[in-house]
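Chains, contacts and geometry: an overview
The residues making up each chain are set out below.
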Amino acid sequence: MNPLLLIIRRSPVFFSASALVGIATLSACGGGGSGATVPTATPIGTAAPTSAPTATPTIPPVAGSGVLVFAMAPDGATDAAQTDIFSVNPNGSNLRRLTTATSDGAGNVQPNGSPTLNPSRTQIVYVAVAVIGGGSQSQLRIMNADGSNNRLLTSDVNANGATSPIWGADGQRIAFSKGNDGIYVINADGSNLRQLTNSGANPSWSITNRIAFNAAPGVQTVAAGTLTTRKPRAVLPPGTSAYTDIYTVGVDGSGLRQITQRSQTETGLANINPAWSPDGQTLVFNSLPGSGVSAQLYLISADGTNRRALGSLTGTDAVWSPQGNLIAYSSEAGLYTAKTDGTGATPVDATDGLFVEDTDWR
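A brief report on the enclosed structure follows. (Residues numbered from 1 in each chain as written. Predicted model: local features only at pLDDT ≥ 70, side-chain atom pairs only at ≥ 80, totals over all residues. Heavy atoms only, no water.)

**Re the overall build of the chain**
Note the following rule: Working definition: helices are DSSP H or I runs of at least four residues, strands are E runs of at least two. Numbering for both runs from the N terminus. In this scheme, a residue with accessible area under 20% of its type's maximum is buried, one over 50% is exposed, and one in between is partly exposed, where area comes from a 1.4 Å probe on protein chains only. We call two residues in contact when some of their heavy atoms are within 4.5 Å. Here, Shrake-Rupley sampling with a 1.4 Å probe gives the accessible areas, and only protein chains in the shown set may cover a residue.
Helix and strand counts for the chain stand at two helices and 26 strands. Relative to its full complement of 362 residues, the chain shows a buried share of 52%. Counted over contacts in the chain with a minimum sequence separation of 6, partners at least 24 positions apart contribute 53%. For the chain, the exposed surface amounts to about 14400 Å²; the carbon and sulfur share of it is 51%.

Written out as structure tokens, the structure reads:
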């Protein structure tokens, strides 16, 4: 059996389908794909270029302990097919339900997921199923942080399959992934949709305007103007397991860099779900050791050096607090926070025992 199927059929907390989007592509993709070939990503540990791209204005984080937003299956539901968007204070107080999932014509609940707050904590973008042109599509929605003024952000066929949106440091743009088709960027008003990479998922946007994401070998940036053109994706050698690593790229598509390296001969499957520290110098990510094993949390410097385990913590969807002194993550027992050395794991009581994923902390 395909090892990915074994993972997806395990606990949905550690190995949810949204976390594994883009974990690998085992056959070449059909279609045109005449975009310019881009060199292999910069090797791990190579010094960053001394010339930086033109700076983009950023919004300083709002002071205070911040707010956690996440997708949670309420009322004892146990999987991602029934999630809604919630917010809560880091101390567990003021739990608020911001969306209510609706049913399609066949009576199936349509989940809401992957919420992220803008830098000023005034708006949330998330993923929902929209009925467009007589069919159901995964698109982006946007709402105020209190759940009001909820509206569709995307309705373009090129955004169908959208997942894992993340606000840019300037508060004016949003990055997201789309199935296995790569990383995209769109303005917060829904205009100027463009494609950055030909594969990859789970983007995270740093204050230094680099986007981290996980992708299979052979990931490339996509030339401007090739939004609807597919390029062949990587094909793994026969007999090897599917695996992904962490990469970063500039928001303009420049400077593709590989941050982690997982050997094809290892039993482990993937490094996924990167999230930037507030200062843009460190990433937290998940390493999936293999089927039936909990995902370990790791830290790594932005240049790929100084990789270290986050204590003995296991979980997924890890994100940093606004001050960078704590990390929140999802576990089988709900949402937890811990210190950046892996100690002091503390449950957020309002989520105790419930299915939680796709956390963001601003």
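**Focus: the sheet that holds strand E11 (residues 173-178)**
Put simply, the rule reads: For two strands to count as paired, DSSP must find a minimum of two bridges between them.
One open sheet accounts for four strands, arranged E10-E11-E12-E13; its pairing is antiparallel. Each edge of the open sheet is held by one strand with a lone partner, namely strand E10 (162-167) and strand E13 (194-195). Here four bridges tie E10 to E11, and the two strands are oriented antiparallel to one another. Considered in E11, the bridge of Ile 166 is made with Ala 175.

**Details of the side chain of Thr 197**
Selection criterion: In protein, a polar contact means a hydrogen-donor-capable atom and an acceptor-capable atom, both N or O and within 3.5 Å, with residues adjacent in sequence counting only if both atoms are side-chain atoms; elsewhere, any N or O pair within 3.5 Å suffices.
Topologically, Thr 197 is positioned in the loop between E13 and strand E14 (201-205). A relative accessible area of 0% means that Thr 197 is categorised as buried. A distance of 2.8 Å separates the side chain of Thr 197 from the backbone oxygen of Ser 199, its partner in a polar contact. Among residues more than four places away in sequence, those in contact with Thr 197 are Asp 181, Gly 182, Ile 183, Phe 213, Val 219, Gln 220, Thr 221 and Val 222.

**Concerning the packing of aromatic side chains**
To keep things clear, this is the line we draw: Each aromatic pair joins two rings of Phe, Tyr and Trp (for Trp, the six-membered one) with centres within 6.5 Å, and gets the label stacked for planes under 30 degrees apart, edge-to-face for over 60, and tilted for any other angle. Throughout this description, the term charge over a ring refers to an Arg CZ or Lys NZ atom that lies within 6 Å of the ring centre and within 35 degrees of the ring normal.
Under the defined criterion, the tally for this structure stands at five aromatic pairs. Seen from their ring centres, Phe 213 and Tyr 247 are 6.0 Å apart, and the 20° between their planes marks the pair as stacked. Here the residue Phe 213 occupies a position in strand E15 (residues 210-215), and Tyr 247 occupies one in strand E16 (residues 245-250), the gap between them amounting to 34 residues. For the residue pair Phe 213 and Tyr 247, the accessibility class agrees, reading buried in each case. Arg 307 extends its terminal NZ or CZ atom over the ring of Tyr 298, reaching a point 4.5 Å from the ring centre.

**What to know about the side chain of Arg 173**
Note on placement: Arg 173 falls in strand E11. A polar contact of 3.0 Å, which involves the side chain of Arg 173, links it to the side chain of Asp 170.

**A word on the pairing of strand E20 (residues 296-301)**
The buried count for E20 comes to five of six residues, which makes it a mostly enclosed element. Sheet topology note: the strand E19 (residues 282-288)/E20 ladder contains six bridges and is antiparallel. Looking at the pairing, Asn 286 lines up with Leu 297 of E20. Here E20 runs beside strand E21 (residues 308-314); their pairing, made up of three bridges, is antiparallel. In the strand pairing of E21, Leu 299 is matched with Arg 308.

**What to know about unusual backbone geometry**
With a phi angle near 55°, Asn 306 is a residue other than glycine that sits in the positive phi range. When you line up the elements, Asn 306 lands in the loop between E20 and E21. Although it is not a glycine, Asp 358 adopts a positive phi angle of roughly 55°. For Asp 358, the location among the structural elements is in strand E26 (residues 355-361). Overall, the relative accessible area of 11% leaves Asp 358 in the buried class.

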